[in-house]
Every structure is written in structure tokens, then in C-alpha cells.
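Inside the fold
This is what each chain is made of:
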Amino acid sequence: MKNWLLHILVNAVAIVVVGALFTSVSIDGFGGALLAALILSILNAIVRPILVVLTLPITVVTLGLFLFIVNAITLAMTDAFLGSTFEITSFGMTIVAAIVISLINLVLNSFIKE
């Protein structure tokens, strides 16, 4: 439980960084980013595995690159759930934001001891 909360906090920091880097991503403060990180983690636990299984053939053909699209879809669903608290202007920007969030999470999670 503690580890899950720490990863949500790291994800919220990544979302704040993306909001600061790109003007196409708007977040209503750290509370909004924390709520977005919570919803994104729930979607990643429930919806993402279903999407991965359904898109397995195209993921194999693209050598795994389609997983960026799956990540962007879950991020777009988070955007849809939160309304004006967390907004991304276009799907192209959602793909870029998903990639940057993944990279920031990779770097920050490398500092977390399990």
C-alpha cells in the first residue's frame, strides 16, 4: 500500500512537470495532478491490461511501439474523467505527454528503493 502511494506521488510529480513543460497541458495545481495520478493508476490497473490484450496483434507488428498509443488512450481517459482539472488539447499532445510522463516515471522510480 505504501509503495503504491509513493508511485502515485511520483506520477503526480511527472504530471506537474509535463504541465510545466507544455502549454497544451493544463493542470489545476498539485491537487489536480494528484487526482489525475490516482485516476491514471486505477485506469492502468483495470483498463490498460484489457487494451493490451485487445491490441496485441498490432503491438506485435509494430514491435511494441503501439503501447505508446495505449498509454495515451489511458491518459486521454483520465483527461475525460477530470474535465477542466486536467486538460490536454489534442491526441498528438496526449501521445507526447504519455511518453514524457513514462520517461520521468522511469527516472524517478529508479531512485525509489523497493
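Given the structure is predicted, the values throughout are model-derived calculations rather than measurements.

Conventions used here
Residues numbered from 1 in each chain as written. Predicted model: local features only at pLDDT ≥ 70, side-chain atom pairs only at ≥ 80, totals over all residues. Heavy atoms only, no water. UniProt positions renumbered as here; feature names shortened; annotations may be inferred. Helix = DSSP H or I, 4+ residues; strand = E, 2+ residues; numbered from the N terminus. 1 Å grid on protein atoms, 1.4 Å probe; cavity = no way out; pocket = protein on both sides within 12 Å on 5 of 7 lines; lining within 4 Å. Points joined across faces, edges and corners; volume = space filled by probe spheres on them. Nonpolar A, V, L, I, M, F, W, Y, C, P; charged D, E, K, R; others polar. Core = buried A, V, L, I, M, F, W, Y, C linked by side-chain atoms within 4.5 Å. Buried < 20%, exposed > 50% of the residue type's maximum accessible area, 1.4 Å probe, protein only. Contact = heavy atoms within 4.5 Å.

1. A word on the UniProt feature "transmembrane region" (unreviewed entry) in the protein chain
Under the UniProt annotation, "transmembrane region" (unreviewed entry) lies at residues 5-23, 29-47, 54-76 and 88-108. Secondary structure across residues 5-23 divides into 89% helix and 0% strand, with the first and last C-alpha atoms of the span separated by 28 Å. Along residues 54-76 the backbone is 78% helical and 0% strand, and the end-to-end C-alpha distance reaches 18 Å.

2. Re the layout of surface pockets
As a volume, the largest pocket reaches approximately 380 Å³. Every element with two or more residues in the lining of the largest pocket is listed here: α1 (2-21), α2 (29-54), α4 (66-82) and α5 (91-110). Take the lining of the largest pocket: its biggest share by element is 5 residues, from α5. Here the lining of the largest pocket is composed, by residue class, of 6 nonpolar, 9 polar and 1 charged.

3. With respect to the nonpolar core
Judged by nonpolar contacts, the single largest core of 23 residues is most densely connected at I15, V18, V25, L75, F86 and I88. Apart from residues lying up to four places away in sequence, F86 is in contact with I15, V25, S26, I27, A36, L75, T78 and D79.

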